[in-house]
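The lines below spell out each chain.
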Amino acid sequence: LVAMVHLLFDALAFKNDVQHWKHSRTGTGISARSVVLSGVSQVVVLLYLMDNDTSYIVTGPHCIQTLIDLWKITKAIRLR
């Protein structure tokens, strides 16, 4: 039950994150460098989770978040 609620909150956070970045027209207040560093750290953590055979309940949402962060990198660089 707790895992299902956590997955629901993850899905809502993903939706809001994508929605915010999708409608962002200017790069005001956005540091492209911090977005890139966040994306790189997400990839490193994902590789660590995959290497340790972590549960799919943990790895799945983190994989989705990593893909969203990589998309945000392209968006932040275009807004720059």
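Residues numbered from 1 in each chain as written. Predicted model: local features only at pLDDT ≥ 70, side-chain atom pairs only at ≥ 80, totals over all residues. Heavy atoms only, no water.

Engineer: Help me understand the nonpolar core, please; the structure alone is not making it clear to me.
Structural biologist: Soluble globular proteins: nonpolar side chains tend toward being buried together. If you look at the biggest cluster of nonpolar residues, it comprises 5 residues: Trp-21, Ala-32, Val-35, Ile-73 and Ala-76. Put simply, the parts of the chain that give this core at least two residues each are α2 (32–51) and α3 (56–79). With residues near it in sequence (within four places) discarded, Val-35 still touches Trp-21, Ile-30, Lys-72, Ile-73 and Ala-76. (Core = buried A, V, L, I, M, F, W, Y, C linked by side-chain atoms within 4.5 Å. Buried < 20%, exposed > 50% of the residue type's maximum accessible area, 1.4 Å probe, protein only. Helix = DSSP H or I, 4+ residues; strand = E, 2+ residues; numbered from the N terminus. Contact = heavy atoms within 4.5 Å.)

Engineer: Explain α3 here, please?
Structural biologist: Every α-helical turn comprises 3.6 residues, leaving residues that sit three or four positions apart pointing alike. Taking 1.5 Å of rise per residue, the 24 residues of α3 would be expected to cover 34 Å, and the 34 Å separating its terminal C-alpha atoms lies within 8% of that figure. Listed as buried for α3 are Thr-59, Pro-61, His-62, Gln-65, Thr-66, Ile-68, Asp-69, Lys-72, Ile-73, Lys-75 and Ala-76. If you follow the buried residues of α3, they end up packed against α1 (2–23) and α2. (Expected span 1.5 Å × (residues − 1).)

Engineer: When you look at the side chain of Ser-24 in this model, what are you seeing that I'm missing?
Structural biologist: On the secondary structure map, Ser-24 appears in the loop between α1 and α2. Ignoring sequence-local partners within four residues, the contact set of Ser-24 consists of Ile-30, Lys-75 and Leu-79.

Engineer: Sorry, what's going on with unusual backbone geometry here?
Structural biologist: Phi angles above zero are rare outside glycine, and Asp-53 is one such case at about 50 degrees. For Asp-53, a relative accessible area of 69% corresponds to the exposed category.

Any link to function would need more than the numbers given here.
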